[in-house]
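# Structure at a glance
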Amino acid sequence: MSLYFTRDHEWIRVEGDTATIGISSHAQEQLGDIVFAEVPEAGRRVSKGQEAAVVESVKAASDVYAPVSGEVTEGNQAVADDPALVNSDPEGQGWFFKLKLENPGELDGLMDETSYREWIKTL
Amino acid sequence: MSREVHSGPTDETQARGTPYSGDPQGGDGTVPQQLDKLALDSWHRSKGARMVPFAGYEMPVQYEGIIAEHLWTRENAGLFDVSHMGQLFIHGRAVDAALERFMPGDFRDAKDMKPKYSLLLNEEGGIIDDLMATRRGEDFYVVVNGATKYGDIDYMQRRLPGEIIIDHVRSQALLALQGPKAAEVLDAAIPGIAQLGFMEAGPFRAFGHPLWISRSGYTGEDGFEISIPSMAAQDLADWLDADERVKPIGLGARDSLRLEAGLPLYGHDLDDRTTPVMAGLNFAINKRRRAEGGFAGAMRIIAELENGPPQLRVGFEVDGRQPVREGALVLDGEGNEVGKITSGGFSPSLQRPIAMGYVASHVAETGTALKLEQRGKLFEARVTAMPFVPHRYHRKGAA
């Protein structure tokens, strides 16, 4: 299993050819109280950089981009039902969707966990 | 993840250097101005505040979180620093009659120490600002919005006779204590405070300093607004914060509280193209003034009172869970644009999205089903009476 991060504050956990995607703890903290989440349905194909999910806090609305391309295998109904899960467990149960990796080469160039945690300190 | 900010004055549009639309000095492409510091700046930071630029100041937008702060204020007492607002003393011969030139309230017969909500109007009847004005003996004490204060002073100075002076009091902080426990908290330090009724004010003393306190606020709850010398503000803030019934509350919750209370926010729900009648603020247009006229924009405003305004400010209940925010369009059953959302968000008290905006008068009736369009998506909504959450003001004579 490997964990990657993007500069848009998404995380990608890769197990075999499946990637689980969510937003980082830093991102949820910046957003504040999350009151709405919309996740993609299974079967939808998303390409890298495309809007795949929506997350809204009391004050702001954000798109969650697909950090890699692939076919969505599952949207997390738990965060759609209880968006506060993204605040309480952003990098665990608060994941947004899973997809079947189309091009593992797209993972190259993403940050590993250490680089990401160091990078956000500079923001 | 991208960030699209849709909502009000407390959001990070300012953090990105874009002054919000209520700032007459602002607008797209302006260079962010040098920010002023509140007297309580370091106090807020020591309480864990996240500070954002707002109305020319670095202001606390939240401490522990907007929803928790919001709910705390509805159940206990919240302490707000609103020192960015402009505190003015206006004085001189016949100041009351002079103020009536550009405000539609009755200032000539205004009773001492009774704050009045009023509106600064332009010649077309549009709203330049909304404010509170209180007669204090021969003077009027006027509190205006922070983002508009310099424009307001300039506008009034150009229209007031030379013998009327506006003093902008920069040495006073303004703190608000709001919520059902505000009176019992304050009464311990300032005996007699509980005797004030809603929209009454007076001079008090505490911590060796003179205070001016009015029983008023902008949350829909009972509460007080306290003008205090800046040098003494921290003593009062510390004393209040030490009370377990009190927590500091940021601008984020201030915005969601006033939205639930159906109160319009200048620069969003009110602007210089909105008349008091369109905004549903007819209570601020005094009976004698309606009959006599003689205030800026009187012709248009009196005509709108008689014939009805072209648009009206209304509330919306929005179906689903997704917030619909400022800028969303209002559509009728045929898909025609009939209005615009001017404030909207998630109501922490009701746990659902609510909004306010302007619609053509023929679709303004409570219960009318309309659609809202935001980023290409349609939402079902119904016109609803405001406030969304009942006011709980402390009116004398009421139980």
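Everything numeric here is computed off the predicted structure, so don't read it as measured data. (Residues numbered from 1 in each chain as written. Chains lettered and ligands numbered in written order. Predicted model: local features only at pLDDT ≥ 70, side-chain atom pairs only at ≥ 80, totals over all residues.)

## A word on the overall build of chain B
Across its full length, chain B carries nine helices and 20 strands. Expected size for 399 residues packed as a compact globule is a radius of gyration near 21 Å; at 21 Å, chain B falls within 12% of this value. Considered along the principal axes of its C-alpha atoms, chain B spans approximately 65 × 50 × 50 Å. By sequence separation, contacts in chain B at least 24 residues apart represent 67% of the contacts at least 6 residues apart. (Helix = DSSP H or I, 4+ residues; strand = E, 2+ residues; numbered from the N terminus. Rg over C-alpha atoms; globule rule 2.2 N^0.38 Å. Contact = placed C-beta atoms within 7 Å.)

## Some remarks on the overall build of chain A
When you go through chain A residue by residue, the secondary structure sums to four helices and ten strands. What you see for chain A is a C-alpha radius of gyration of 13 Å, in line with the 14 Å of a compact globule of 123 residues. Structurally, chain A occupies a C-alpha span of about 35 × 35 × 20 Å along its principal axes. Burial analysis of chain A (123 residues in total) assigns 46% to the buried set. When contacts within chain A are restricted to residue pairs at least 6 apart in sequence, those whose partners lie at least 24 apart make up 60%. (Buried ≥ 20, exposed ≤ 12 C-beta atoms within 10 Å, placed from the backbone.)

## Describing the sheet that holds strand 3 (residues 57–62) of chain B
All names here are of chain B. Pairing within the open sheet is mixed, and its three strands lie in the order 1-3-2. On the outer flanks of this sheet lie strand 1 (36–37) and strand 2 (50–54), each paired with one strand and no other. Direction of pairing for strand 2 relative to strand 3: antiparallel, over a ladder of five bridges. Within the sheet, the bridge partner assigned to F54 lies in strand 3 and is Y57. (Pairing = 2+ DSSP bridges.)

## Some points on the domain arrangement of chain B
Residues and elements named next belong to chain B. Split by domain assignment, chain B resolves into domain 1 (36–82 + 171–260) and domain 2 (310–389). Each of domain 1 and domain 2 has a C-alpha centre, and these two points are 31 Å apart. With eight residues of domain 1 in contact, the opposing surface of domain 2 contributes ten residues. Contributions of two or more residues to the side of domain 1 that touches domain 2 are made by helix 2 (66–75) and helix 7 (251–260). (Domains from an automatic or database assignment.)

## Some remarks on the nonpolar core
Residues and elements named next belong to chain B. Within the largest apolar cluster, 140 residues are counted, with the highest numbers of intra-cluster contacts made by L121, V142, L175, L177, F316 and L372. Looking at which domains feed residues into this core, each of domain 1 (36–82 + 171–260) and domain 2 (310–389) gives three or more. Those residues in contact with V142, other than ones at most four positions away along the chain, are L88, I90, L131 and A133. (Core = buried A, V, L, I, M, F, W, Y, C linked by C-beta atoms within 7 Å.)

## Things to note about the confidence of the model for chain B
Residue and element names in this part refer to chain B. Averaged over all residues, the pLDDT of chain B is 92; the fraction at 70 or higher stands at 91%. Low pLDDT, under 50, characterises residues 6–30; the stretch is placed with 60 contacts to residues that sit more than four places away or in other chains. Complex prediction metrics read pTM 0.92 and ipTM 0.91. (pLDDT = per-residue confidence, 0-100.)

## Describing the packing of helix 2 of chain B against helix 7 of chain B
When two helices pack together, their arrangement is given by the angle between the helix axes and the distance between those axes. All names here are of chain B. One way to put it is that helix 2 packs onto helix 7 with a least axis distance of 8 Å and a crossing angle of 55 degrees. The angle between helix 2 and helix 7 places the two elements in the oblique class. Once helix 2 is placed against helix 7, the crossing between them reads as right-handed. Touching I66, E69, H70 and T73 of helix 2 are G252, A253, S256 and L257, all from helix 7. (Axes fitted to C-alpha atoms, helices over the stretch in contact; angles between N-to-C directions. Parallel < 35°, antiparallel > 145°, perpendicular 65-115°, else oblique. Left-handed = near helix turned anticlockwise from the far one by under 90°.)

## A word on unusual backbone geometry
Residue and element names in this part refer to chain B. Cis rather than trans, the peptide bond between M386 and P387 has omega equal to 5 degrees. Among the secondary structure elements, P387 is positioned in the segment after strand 20 (377–384). Of note in this structure, F207 is not a glycine but carries a positive phi near 55 degrees. As for its position among the elements, F207 is in the loop between strand 11 (201–206) and strand 12 (209–214). Accessibility expressed as a C-beta count within 10 Å gives 14 for F207, which makes it partly exposed. The backbone of R375 shows a phi angle near 45 degrees, a positive value even though the residue is not glycine.

## Some thoughts on the pairing of strand 4 (residues 34–38) of chain A
All names here are of chain A. With four of five residues buried, strand 4 is to be regarded as a mostly interior element. Summarising the sheet, strand 4 and strand 6 (residues 51–57) pair through four bridges and their orientation is antiparallel. Each bridged residue has a counterpart across the sheet, and for F36 the counterpart in strand 6 is E56.

## Quick notes on the environment of A360 of chain B
All names here are of chain B. As for its placement among the helices and strands, A360 is situated in strand 18 (residues 352–360). A360 sits 48 residues away from L312 along the chain, and the two C-alpha atoms are 6.5 Å apart. When residues no more than four places from it in sequence are discounted, the contact partners of A360 are P310, Q311, V338 and G339.

## Quick word on the pairing of strand 1 (residues 2–5) of chain A
Residues and elements named next belong to chain A. Strand direction decides the pairing type here: strand 1 and strand 2 (residues 10–15), joined by four bridges, are antiparallel. Counted as the bridge partner of Y4 is I12 from strand 2. Linkage of strand 1 to strand 2, two consecutive antiparallel strands, is achieved through a turn of four residues, within which H9 is found at a positive phi near 70 degrees. Bridging between strand 1 and strand 10 (residues 111–112) involves two bridges; their strand directions are antiparallel.

## What about the sheet that holds strand 4 of chain A?
Adjacent strands of a sheet pair through backbone hydrogen bonds, lying either parallel or antiparallel. All names here are of chain A. What the three strands build is an open sheet, ordered 4-6-7; its pairing is antiparallel. Only two strands of the sheet have a single neighbouring strand rather than two, namely strand 4 and strand 7 (61–65). When strand polarity is set aside, the average angle formed by the axes of neighbouring strands in this sheet is 20 degrees.

## A look at helix 6 (residues 230–241) of chain B
Residues and elements named next belong to chain B. Over its twelve residues, helix 6 runs 17 Å from end to end, which matches the ideal 16 Å to within 8%, given 1.5 Å per residue. Buried residues of helix 6: A233, L236, A237 and L240, and no others. Projected down its long axis, helix 6 carries its buried residues within an arc of 100 degrees, all on one side. Structural note: helix 6 exposes M231 and D238 on the side pointing more than 90 degrees away from its buried face. (Expected span 1.5 Å × (residues − 1). Arc of directions from axis to C-beta.)

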